[in-house]
Amino acid sequence: MIELTFKGKPLPAYEAQPVGKPKGGLIVIHEVWGLVDHTKDVADRFAKAGYVVVAPDLLSETGITAELIGSLQEELFDPERRAKAQPKLRELMAPMQAPGFGEDTLMKLMHCYDYLYEQADVGEHIGVVGHCFGGTYCYSLAVNEPGLKAAVPYYGHAEGLSSEELGKINCPILAFYGEKDVSLITTLPELKANMAAAGVDYTAKVYAGVGHAFFNDTNKFTYNKSVADDAWKLTLAFLSDNL
């Protein structure tokens, strides 16, 4: 763990360093659960693949911790218990609905970009990968950070972005979805059309037979190893080509 500073306050983050000269830098954005061990493990995997990785705890100021969310995760993962757990989740996540949360979160990610940019052997070779909550903020960072070289959102939302915002994207995007993730799949055709109209190099890979969170190997209800392995392979190839 390292401690960055944002608006004079600590911004905890997990950093993973490769062995030898890095291929580039990566921001890894956690799911809505916060900076849990799964996200740190993903960061370590990217470091082993040759990247300097920073995974910020974007929920640190909300009071949401891995310990608090841990007991709730199992209930939310289980389809039979999810409905009863939803009110608890809404209460816990209330700080994320506060005015300014989205803007501050984006600025924290841009601060992470600057941190990586200043590191030797990284410079402008920086990309972002995120899952769920993190996938959504991948799109936001791509819109707002013109120096970003690659973005890989896993099952993220982007339907709220205007054509003007999409036109600001300078980097190629490789997005992953599961066909059973109905709310995202329903809006994907429009998103693809809007990306094309904005001139964005956008590729969306949809996997049959899986839904949301297929990459999270700590979720026994959604994880699919063969699909996750394929997405990982494509992600590494995409980053290698663009970073």
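Up top is the structure.
Residues numbered from 1 in each chain as written. Predicted model: local features only at pLDDT ≥ 70, side-chain atom pairs only at ≥ 80, totals over all residues. Heavy atoms only, no water.

Student: Please provide a residue-by-residue account of helix 8 (residues 225-242), values included.
Tutor: A rise of 1.5 Å per residue sets the reference length of helix 8, with its 18 residues, at 26 Å; its end C-alpha atoms lie 26 Å apart and thus fit the reference within 8%. For helix 8, the full list of buried residues reads Val227, Ala228, Ala231, Trp232, Thr235, Phe238 and Leu239. One face of helix 8 carries all of its buried residues, which in axial projection span an arc of 135°. The outward face of helix 8, more than 90 degrees from its buried face, is lined by the exposed residues Lys225, Ser226, Lys233 and Asp241. (Helix = DSSP H or I, 4+ residues; strand = E, 2+ residues; numbered from the N terminus. Expected span 1.5 Å × (residues − 1). Buried < 20%, exposed > 50% of the residue type's maximum accessible area, 1.4 Å probe, protein only. Arc of directions from axis to C-beta.)

Student: How would you explain the packing of helix 1 (residues 37-48) against helix 8 if you had to name every residue and give the values?
Tutor: Where helix 1 contacts helix 8, the axes come no closer than 12 Å and their chain directions differ by 50°. Overall, the two elements helix 1 and helix 8 adopt an arrangement that is oblique. Of the two elements, helix 1 crosses helix 8, and the hand of that crossing is right-handed. Here Val42, Arg45 and Phe46 of helix 1 come into contact with helix 8, specifically with Trp232, Thr235, Leu236 and Leu239. Residue classes in the contact of helix 1 with helix 8 are distributed as five nonpolar, one polar and one charged. (Axes fitted to C-alpha atoms, helices over the stretch in contact; angles between N-to-C directions. Parallel < 35°, antiparallel > 145°, perpendicular 65-115°, else oblique. Left-handed = near helix turned anticlockwise from the far one by under 90°. Contact = heavy atoms within 4.5 Å. Nonpolar A, V, L, I, M, F, W, Y, C, P; charged D, E, K, R; others polar.)

Student: Tell me about the pairing of strand 1 (residues 2-6), and please be specific about residues and values.
Tutor: The pairing of strand 1 with strand 2 (residues 9-16) spans five bridges and is antiparallel. The residue of strand 2 that forms the bridge with Ile2 is Ala13. The turn linking strand 1 back onto strand 2 is made up of two residues, and Lys7 within it adopts a positive phi angle of 55°. (Pairing = 2+ DSSP bridges.)

Student: An account of the pattern of salt bridges is requested, with residue identities and associated values reported.
Tutor: One pass over the full model with this rule turns up seven salt bridges. Where Arg45 meets Asp217, a salt bridge forms, and the shortest distance between an N and an O atom there is 3.3 Å. With Arg45 in helix 1 and Asp217 in the loop between strand 8 (202-207) and helix 8, the pair connects residues that are 172 residues apart, well separated along the chain. Taking relative accessible area as the criterion, Asp217 reaches 38% and is therefore assigned partly exposed. What you see here is one network of salt bridges that share partners, running through Lys9, Glu61 and Lys108. (Salt bridge = Lys/Arg side-chain N within 4 Å of Asp/Glu carboxyl O.)

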